[in-house]
Amino acid sequence: MAMTASSGLAQGAGDVASAGQAERSPFLRTTELLAPYQPAKPLITLSLGEPQHPVPDFVGPVLARHTAEFGRYPIAKGIEPFRRAVASWLGSRFQLPRPVDPESEVMVLNGSREGLFFAAISASRYVAPRKGRPAILMPNPFYPAYGAGARAAGCEQIYLPTTLGNGFLPDLDSIDEATLARTVAFFIASPANPQGSVASRAYFTRLKQLADRFGFIILSDECYSEIYTREAPGSILECAGPDFSNVVAFQSLSKRSNLPGMRVGFAAGDRKFLAAFHELRNVAAPQVPVPLQHVAVAAYSDEAHVEENRRLYRIKFDFADQILGNRYGYKRPAGGFCVWLDVSERGGDEAAAVRLYRDAGVRVIPGSYLARQQNDGSNPGAGYIRLALVSDSESTAEAMHRLVETLG
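Residues numbered from 1 in each chain as written. Predicted model: local features only at pLDDT ≥ 70, side-chain atom pairs only at ≥ 80, totals over all residues. Heavy atoms only, no water.

The protein chain is annotated in an unreviewed UniProt entry as Aminotransferase from Bradyrhizobium pachyrhizi. UniProt, in the comment section headed Cofactor (unreviewed entry), describes the protein chain in these words: "pyridoxal 5'-phosphate". For the protein chain, the Sequence similarities (unreviewed entry) comment in UniProt is given as "Belongs to the class-I pyridoxal-phosphate-dependent aminotransferase family." (UniProt positions renumbered as here; feature names shortened; annotations may be inferred.)

Novice: Can you walk me through the pattern of salt bridges in this structure?
Specialist: Think of it this way: side chains of opposite charge can pair up when their charged atoms draw near. For the coordinates displayed, the defined rule picks out 21 salt bridges. Residue Glu 103 is joined to Arg 83 by a salt bridge in which the shortest nitrogen-to-oxygen separation is 3.3 Å. Pair noted here: Glu 103 is in the loop between helix H4 (80–93) and strand E2 (106–109) and Arg 83 is in helix H4, with a separation of 20 residues, a long-range link. The class of Arg 83 is buried, set by a relative accessible area of 5%. For the salt bridge of Asp 321 with Arg 332, the shortest nitrogen-to-oxygen distance reads 2.5 Å. Taken as a pair, Asp 321 in helix H12 (residues 304–324) and Arg 332 in the loop between H12 and strand E9 (338–342) lie far apart in primary sequence, eleven residues in all. For Arg 332, a relative accessible area of 17% translates into the label buried. Taken together, the salt bridges that share partners define one network made up of Lys 77, Arg 83 and Glu 103. (Salt bridge = Lys/Arg side-chain N within 4 Å of Asp/Glu carboxyl O. Helix = DSSP H or I, 4+ residues; strand = E, 2+ residues; numbered from the N terminus. Buried < 20%, exposed > 50% of the residue type's maximum accessible area, 1.4 Å probe, protein only.)

Novice: Just checking my understanding: could you explain helix H2 (residues 26–34) for this structure?
Specialist: In an α-helix, one full turn covers 3.6 residues, which means residues spaced three or four apart are oriented alike. Among all positions of H2, only Pro 26, Arg 29, Thr 30, Leu 33 and Leu 34 are buried. Looking straight down H2, one finds that the buried residues subtend no more than 125° of arc, so they occupy a single side. At the N-terminal end of H2, a side-chain oxygen is found 3.1 Å from the backbone nitrogen of Phe 27, two or three residues along, and the residue is Ser 25. (Arc of directions from axis to C-beta. Polar contact = N/O pair within 3.5 Å; in protein donor to acceptor, adjacent residues only side chain to side chain.)

Novice: Would you take a moment to explain the packing of aromatic side chains for this structure?
Specialist: Each aromatic ring pair is summarised here by two numbers: the centre-to-centre distance and the angle between the ring planes. A full pass over the atoms with the stated rule returns 16 aromatic pairs. With a centroid separation of 4.4 Å and 10° between ring planes, the pair formed by Tyr 146 and Phe 187 is classed as stacked. With a gap of 41 residues between them, Tyr 146 in helix H6 (residues 144–152) and Phe 187 in strand E5 (residues 183–189) connect regions that are remote in the sequence. Residue classification places Tyr 146 among the buried residues on the basis of a relative accessible area of 2%. Ring geometry for Phe 168 against Tyr 384: centres 6.5 Å apart, planes inclined by 85°, an arrangement best described as edge-to-face. (Phe/Tyr/Trp six-rings, centres within 6.5 Å; stacked < 30°, edge-to-face > 60°.)

Novice: How do you make sense of the environment of Leu 292 when you look at a structure like this?
Specialist: With respect to the secondary-structure elements, Leu 292 resides in helix H11 (residues 290–300). When residues no more than four places from it in sequence are discounted, the contact partners of Leu 292 are Leu 63, Met 262 and Val 264. (Contact = heavy atoms within 4.5 Å.)

Novice: Is there a simple way to think about the sheet that holds strand E12 (residues 384–388) in this case?
Specialist: The pairing of strands in a sheet comes from backbone hydrogen bonds and takes either a parallel or an antiparallel form. If you trace the three strands from one edge of the open sheet to the other, you get E9-E12-E11, paired in antiparallel fashion. At either end of the open sheet lies a strand with only one pairing partner, and these are E9 and strand E11 (365–366). Inspection of the sheet shows E9 paired to E12 by five bridges, in the antiparallel sense. Bridge pairing in E12 links Cys 338 to Ala 388. Where helix H13 (residues 349–360) meets the sheet, it contacts E11 and E12, and its direction lies at approximately 45° from that of E12. (Pairing = 2+ DSSP bridges. Axes fitted to C-alpha atoms, helices over the stretch in contact; angles between N-to-C directions.)

Novice: Explain the domain arrangement of the protein chain to me, please; I cannot follow it from the model alone.
Specialist: Frequently, the measure chosen for interface size is the accessible area that the parts lose on association. Annotation of the protein chain at the domain level lists domain 1 (24–49 + 305–407) and domain 2 (58–300). Each of domain 1 and domain 2 has a C-alpha centre, and the two are 26 Å apart. In this complex, domain 1 contributes 27 residues to the contact, which on the side of domain 2 involves 30 residues. On the domain 1 side of the contact with domain 2, His 305, Arg 310 and Arg 372 bury the most area, a combined 22% of that side's loss. In this assembly, domain 1 and domain 2 are joined by zero salt bridges. (Domains from an automatic or database assignment. Buried area = accessible area lost by both parts, 1.4 Å probe.)

Novice: Just to check I follow, could you spell out the sheet that holds strand E4 (residues 156–161) for this structure?
Specialist: Spatially, seven strands are ordered E2-E8-E7-E6-E5-E3-E4 in an open sheet, and the strand pairing comes out mixed. The open sheet has two edge strands with one neighbour each: E2 and E4. The sheet shows a mean angle of 20° between the axes of neighbouring strands, taken without regard to direction. Taken together, the five bridges between E5 and strand E6 (residues 217–221) define a ladder with parallel strand orientation. Looking at the pairing, Ile 188 lines up with Ser 220 of E6. Here helix H8 (residues 201–214) sits on the sheet in contact with E5, E6 and strand E7 (247–252), set at roughly 150° to E6.

So, in structure tokens, the structure goes:
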């Protein structure tokens, strides 16, 4: 069945209350849910996807060498060494159709979140006029910045359910042409947050064909691409053609290099869109301090700390394989550091989150808080909980043992 615009939650007057609740921070909603309770055991937090592995050793020395450059206003596009380091890393990490031009096809970001937000606004201004209300499409569940950006851009948010039945990726063939004809941007995440699904080359190629046919921009969130335990995920840039038209990839050092507080990432791809994107960011977006960009140069020039990072995650997923087994529909994800568990037969996601916090001292996030209600009343995240395996391996294993003991 083709997915029409009504398959997403329209932001009309009748939906104000539900949309307002849905757009609140899932972490704040979880805090409110758990506020009446006290954990019976020492707390282990698996709700926040904040990497806890050690910060790389080179960070301090690089900052010390460039401290004086905190006295400079940063340029919006990023310093040349940063853009060259990014272009070099992309070329070595992915099988690109050609090398990325560091001058026109790379831009520094203050973390990928602000980039994704401002990119939605830029896309709404950049693409040709649409027939009907402009729309931005996104997977459901999804990263909240996508919806916030679409709303700020004045576009209809259309949620594409990602479920076990479609491999936890939007079903591209279910979207009707009338909706695609008024689409200005399509958010895709690979590896996906929260399910860890990874888009294949064929999937990216199909999405690129739709973008070229209907003239919208693909905003590909790839910030988890370096967290995997088996095969390395690919990039939309590999399938973007020689000019990278209609395609922009977003990356961050938060997950790859355990630097969530540094707030450095980048966008790379379509040079025409990035020029328009630069115009907006140059007057509205947060700039990235020059010393932090030098740390990023060092980070993108070193793979040893990234492999050590992956090794630590492999240990924790090995524990998950052993402890969770085939309970709760668990399968080792293809990428990312999250576990997506089906607790629909244990009372649902909110009830399971309360039980785990109150009885086991384990804090997780209800899946329905990470998704939005479709017009048919369904919520693709309902009945699931998300665990972020970011703590040390001992704490993570203990949390999973408690989870099994509590939920059965």
